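# What the coordinates show
Now for the letters of each chain:
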Amino acid sequence: MGFAHNNVLHANHFRKDWQSRVRTWFDQPGRKLRRRNARKEKAAKLGVRPLTLLRPAVRAQTIRYNRKIREGRGFTLAELKEAGIGKKEARGIGIVVDHRRRNLSEEGKALNVERLKAYKARLIVFPRNSKKPKKGDSTGEDLTAPTTRSTLPIPSSFVREEPRKITKEEREFQAYRTLRNERAAARHEGARKVREAKKAEEEANKKK
């Protein structure tokens, strides 16, 4: 290392017992096992209940990610009402409710209403007292039906189409030219309206 000019000479300190300050991760395998055992214990405590709560299918935020469908926080009150499920009842049967969320499209609302109806059709509510079942409890053969602990999967946002031949109209269609024409039409719409109004006014004056 070279030194130049009238500067302070370096006095680097390299003996700082760095070995005692290193962050190690030797307990990772043990933690992994501990987490796995905790999941097993939690699943055993839940009995036949689903392992996770039912959440709505929502579009991701921003124009970049809104083509994706993911799990949301909770169902809206409008979705629950249309599916015929009460707000308090929903919390008791494993459905998450989000009173702040609003439905911005009919398609999204219909998707989640179908999701709720499918869940309710598959739902088996075991009565606390088998001799005196309450309203909403399952009875008869439903109690002996096979159960599953997995929740409804999120529907795919991609609709697959069967391969087909390109039509003559599609070959002749000029997509880029159409986009440019539409943009130009939108850009000059105000000026065009002013021009048309002026022309109509001039024609009206001529008739007078």
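Here we summarise the structure given alongside this text. (Residues numbered from 1 in each chain as written. Predicted model: local features only at pLDDT ≥ 70, side-chain atom pairs only at ≥ 80, totals over all residues. Heavy atoms only, no water.)

## Regarding the environment of Glu-89
When you line up the elements, Glu-89 lands in helix H4 (residues 87-92). When its relative accessible area of 40% is taken as the criterion, Glu-89 is described as partly exposed. Counting along the chain gives 94 residues from Glu-89 to Arg-183, while the straight-line C-alpha distance between them is 51 Å. (Helix = DSSP H or I, 4+ residues; strand = E, 2+ residues; numbered from the N terminus. Buried < 20%, exposed > 50% of the residue type's maximum accessible area, 1.4 Å probe, protein only.)

## Re the layout of surface pockets
What the largest pocket holds in volume is close to 1200 Å³. Along its surface, the largest pocket is lined by 34 residues, and Gly-92, Ile-93, Leu-123, Ile-124 and Val-125 are the ones closest to its centre. Across the lining of the largest pocket, the residue classes break down as 14 nonpolar, ten polar and ten charged. Approximately 530 Å³ is the volume attributed to the second largest pocket. Lining the second largest pocket we find 21 residues, and of these Ala-57, Val-58, Arg-59, Arg-101 and Gly-108 sit closest to its centre. Contributing elements (two or more residues each) for the lining of the second largest pocket: strand E1 (57-59), strand E2 (69-71) and helix H5 (106-122). At five residues, H5 tops the list of elements feeding residues into the lining of the second largest pocket. In the lining of the second largest pocket, the residues fall into seven nonpolar, seven polar and seven charged. (1 Å grid on protein atoms, 1.4 Å probe; cavity = no way out; pocket = protein on both sides within 12 Å on 5 of 7 lines; lining within 4 Å. Points joined across faces, edges and corners; volume = space filled by probe spheres on them. Nonpolar A, V, L, I, M, F, W, Y, C, P; charged D, E, K, R; others polar.)

Treat this as a map of the structure, not an account of what it does.
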